[in-house]
Amino acid sequence: MLALLAATPALPLDEAGKYVAGAYVVFLALIVIYVAIMAAKLQRIERELGELAAFAEARATADQAAPGRESETPSISDSLASHGSRGGGA
Amino acid sequence: MYGKGLRPLSIATVAALVVSLSLVFFYAPLDADQGFIQKIFYLHVPLAIVALIGFVIGGVFAILHLRSGDSRWDAYSYVSIHMSVIFGVAVLITGSIWAKASWGHWWVWDEPTLVSFLIVFLMYATYYPFRYAIEDRERQARYASVFAITAGAFVPLNFMAVRMAQSLVHPRVFATTNGGLPGSMMLTFLVSLLAIGLLWVTLVKFELTAKSASGQLKRLRRALDAPAPGGRSRVAPEVS
């Protein structure tokens, strides 16, 4: 392989190698950035889901404690707003 | 629902990428003219082909959306275009690196292939502001579909126009009249194309799954905030 590379008529390997490496690194970097963004979104979804589960449980407990009465727990929007959550997609 | 089959698809994509890279660096022979630099070909060209096909697929999904009114097709169309734009960025950067190594310039303005791809890319870059300039969700989806169909039809027309243009610097390596690619290079190229295609499909599915989860979370919050008995559940992810 090295003999083949040495015999190549184009740019020498030390020159060509950095361009080829650059192209493949750019591709890899784009994928890694994309996956990192998606991971951040997934974390946000997981966090919001946890908050919603906690809210639902709190409401169910309040309903059980006082059946027939209107739930006195705050609305979910108020509850989530205090945590600064957003529900948007990409 | 959108996440179904994502795991085997991801494994197949990683395996295909590993095989592809192995073939590129340990099997495919060095190009007699360009030498080691030609290895960029196995990344740059499949990326470009998959990105352009992705734009056309986005247009096909948009047609299905307009025909059926089902918002799922709009989500498919949006995500297809979104992913192809990301691949388009990779095409432009890897192409520039190859151009600098081969021709000594990062960009050549009188080269039809480069400029036409840039035009297609910039056209699709306007998809986002166009889409999100419209607040009403129904109209947003409808207008975005019209855009996706029009732009999707432009892609093959543009491709044919470029093929008809006589380029001096951008070789037509798939032509058989002047030799074309040898078998080992063609095999490597096809495996690379398959790997990049699988990557596109996997990322589209990944994005759709994330959007679906986000949309369902919104619905859950709305349902908990103001329960609406008898309200019909929507399964399409919200594009927002």
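Residues numbered from 1 in each chain as written. Chains lettered and ligands numbered in written order. Predicted model: local features only at pLDDT ≥ 70, side-chain atom pairs only at ≥ 80, totals over all residues.

A look at the overall build of chain A
Within chain A, the secondary structure is distributed over three helices and zero strands. Listing each helix as α and each strand as β along chain A from the N terminus yields α-α-α. Within chain A, the proportion of its 90 residues that are buried is 11%. (Helix = DSSP H or I, 4+ residues; strand = E, 2+ residues; numbered from the N terminus. Buried ≥ 20, exposed ≤ 12 C-beta atoms within 10 Å, placed from the backbone.)

Focus on the environment of Gly104(B)
Residue and element names in this part refer to chain B. By the secondary structure assignment, Gly-104 is in the loop between α3 (71-103) and α4 (112-125). For Gly-104, a count of 8 C-beta atoms within 10 Å corresponds to the exposed category. The spatial distance from the C-alpha of Gly-104 to the C-alpha of Ile-149 is 37 Å, given a sequence separation of 45 residues.

Quick word on the confidence of the model for chain A
Residues and elements named next belong to chain A. For chain A, per-residue confidence averages 72 on the pLDDT scale, and 58% of positions sit at 70 or higher. Mean pLDDT per element in chain A: helix α3 (residues 76-81) is the minimum at 47, and helix α2 (residues 13-65) is the maximum at 87. Per-residue pLDDT stays below 50 along residues 79-90; that stretch engages in 23 contacts with residues further than four places along the chain or on separate chains. (pLDDT = per-residue confidence, 0-100. Contact = placed C-beta atoms within 7 Å.)

Considerations on the packing of α3(B) against helix α7 (residues 183-225) of chain B
All names here are of chain B. Relative orientation of the contacting elements α3 and α7 amounts to 130°, with a least axis distance of 10 Å. Overall, the two elements α3 and α7 adopt an arrangement that is oblique. Along this stretch, α3 crosses α7, giving a crossing that reads as right-handed. Counting all contacts with α3, which are made through Ala-75, Val-79, Ser-80, His-82, Met-83 and Phe-87, the residues of α7 involved are Trp-200, Leu-203, Val-204, Glu-207, Leu-208 and Lys-211. (Axes fitted to C-alpha atoms, helices over the stretch in contact; angles between N-to-C directions. Parallel < 35°, antiparallel > 145°, perpendicular 65-115°, else oblique. Left-handed = near helix turned anticlockwise from the far one by under 90°.)

Brief notes about the environment of Trp106(B)
Residue and element names in this part refer to chain B. Take Trp-106: it is sitting in the loop between α3 and α4. Along the primary structure Trp-106 and Gly-95 are separated by eleven residues, whereas in three dimensions their C-alpha atoms are 8.3 Å apart. Discounting chain neighbours no more than four positions away, the residues touching Trp-106 are Ser-96, Ala-99 and Lys-100.

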